[in-house]
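As a plain string of letters, each chain reads:
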Amino acid sequence: MSDGRVAVGQAAVDQLLEVLDLDPTGEMTFRGMSPPVGPQRVYGGQVAGQALVAAGRTVDPERFVHSLHGYFVRPGDPVEPIAYEVENVRDGRSFSVRRAVALQHDKPIFFMSASFQRAEEGLDHQVTAPLDVPMPQDVPTMTDRLSRYPERLGIWGQIPRPIDVRYVGEPGWVRPGDRPADPHQRVWMRIDGKLPDDPLLHACALTYASDLTLLDSVLSAHGEVWGPGGLVGASLDHALWFHRPFRADEWFLYDCLSPSASGARGLATGRMFTTDGQQIASAVQEGLLRRVGA
């Protein structure tokens with residue numbers, strides 16, 4: 001369905017699935033495209049998600065990705081195709097390791113290492129999920145939030161929305177002065193439609209979503225906002241660990257905070273929990289943050 005301006009719901013999810021469905025160009029090489037309408041730079045979660053698709057397609061499907069570590073080295077051009085080259089670093093008895101490089105104009109824009117493991121039994125524990133957080137149905141929708149700030153709509157009014165994002169506190173794109181400082185940036189998320197059952201695809205979708213709000217926790221600690229009168233930023237690196245089976249098309253709480261910011265860089269950490277309190281993933285990201293004028 002659509003709200004008259006942008007694709008939302010299953011229509012937007014189907015477009016996301018097309019973006020993640022890379023074209024093979026060789027045994028270990030693939031080609032990806034960006035959405036026809038998007039930001040001036042390729043969204044970091046997109047290139048990370050596509051790189052994981054490329055890496056995962058060269059691994060035994062019985063081995064599930066448990067971690068990835070990536071660096072953003074150049075801004076991506078959303079008009080140009082992205083070439084993905086995968087290196088088979090190792091296939092062991094329990095683990096497979098791959099390195100994927102995303103290239104445009106023969107230069108890397110992103111590179112990533114990912115590790116995959118066959119299912120095993122072992123110790124099991126986790127931290128407790130936050131207890132003082134309202135459930136997603138009790139949190140304003142993105143449409144509700146944007147209706148208060150039409151001047152901040154910008155690109156949100158043009159690009160598809162495959163992810164249902166519901167901020168527990170104030171988001172980073174409100175007007176300067178409208179955001180109280182909060183050490184936590186908590187957001188409920190889910191893919192806003194039905195995904196196929198392929199676990200790799202759910203991991204890639206979660207990777208795509210993990211870059212949306214993580215760095216905003218650095219600004220939240222100071223009550224700062226993005227854009228005029230606030231700051232601009234760019235992801236420098238991104239790491240993600242997958243702990244337990246999950247579905248990216250079911251609600252998860254993304255609980256983010258920033259332990260440090262200095263030297264025009266901010267560090268953000270995030271934990272993802274299902275509605276019943278299972279920790280499914282953890283993320284860490286460092287980003288470049290620079291103040292801009294009003």
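Cut-off values and rules
Residues numbered from 1 in each chain as written. Predicted model: local features only at pLDDT ≥ 70, side-chain atom pairs only at ≥ 80, totals over all residues. Heavy atoms only, no water. UniProt positions renumbered as here; feature names shortened; annotations may be inferred. Helix = DSSP H or I, 4+ residues; strand = E, 2+ residues; numbered from the N terminus. Expected span 1.5 Å × (residues − 1). Buried < 20%, exposed > 50% of the residue type's maximum accessible area, 1.4 Å probe, protein only. Pairing = 2+ DSSP bridges. Contact = heavy atoms within 4.5 Å. Axes fitted to C-alpha atoms, helices over the stretch in contact; angles between N-to-C directions. Arc of directions from axis to C-beta.

A separate point is the UniProt feature "domain: Acyl-CoA thioesterase 2 C-terminal" (unreviewed entry) in the protein. In this numbering, the UniProt entry assigns the feature "domain: Acyl-CoA thioesterase 2 C-terminal" (unreviewed entry) to residues 177-288. The distance separating the terminal C-alpha atoms of residues 177-288 is 22 Å; by composition the span is 15% helix and 46% strand.

Now for helix H2 (residues 44-56). Along an α-helix, residues three or four positions apart point the same way, because every turn accommodates 3.6 residues. For H2, built from 13 residues, the straight-helix expectation of 18 Å at 1.5 Å per residue is met to within 8% by its first-to-last C-alpha distance of 18 Å. Where burial is concerned, most of H2 is hidden: 13 out of the 13 residues are buried.

What links the strands of a sheet is backbone hydrogen bonding, and the strands pair in either a parallel or an antiparallel sense. Taken together, the 12 strands give an open sheet; going across it, the order is S1-S2-S4-S5-S6-S3-S9-S12-S11-S10-S8-S7, and neighbouring strands pair in antiparallel fashion. In this open sheet, the two strands that pair with only one neighbour each are strand S1 (23-24) and strand S7 (163-167). Helix-sheet contacts for helix H4 (residues 199-210) involve strand S3 (63-72), strand S6 (107-118), S7, strand S8 (184-191), strand S9 (231-242), strand S10 (252-262), strand S11 (265-274) and strand S12 (279-291), and the interaxial angle to S9 is about 150°.

Helix length check: helix H1 (residues 9-20) (12 residues) gives 17 Å between terminal C-alpha atoms against 16 Å at 1.5 Å per residue, within 8%. Gly9, Ala12, Val13, Leu16, Val19 and Leu20 are the residues of H1 that are buried. Looking straight down H1, one finds its buried side chains confined to an arc of 110°; they lie on one side. Contact partners of the buried residues in H1: H2, S8 and H4.

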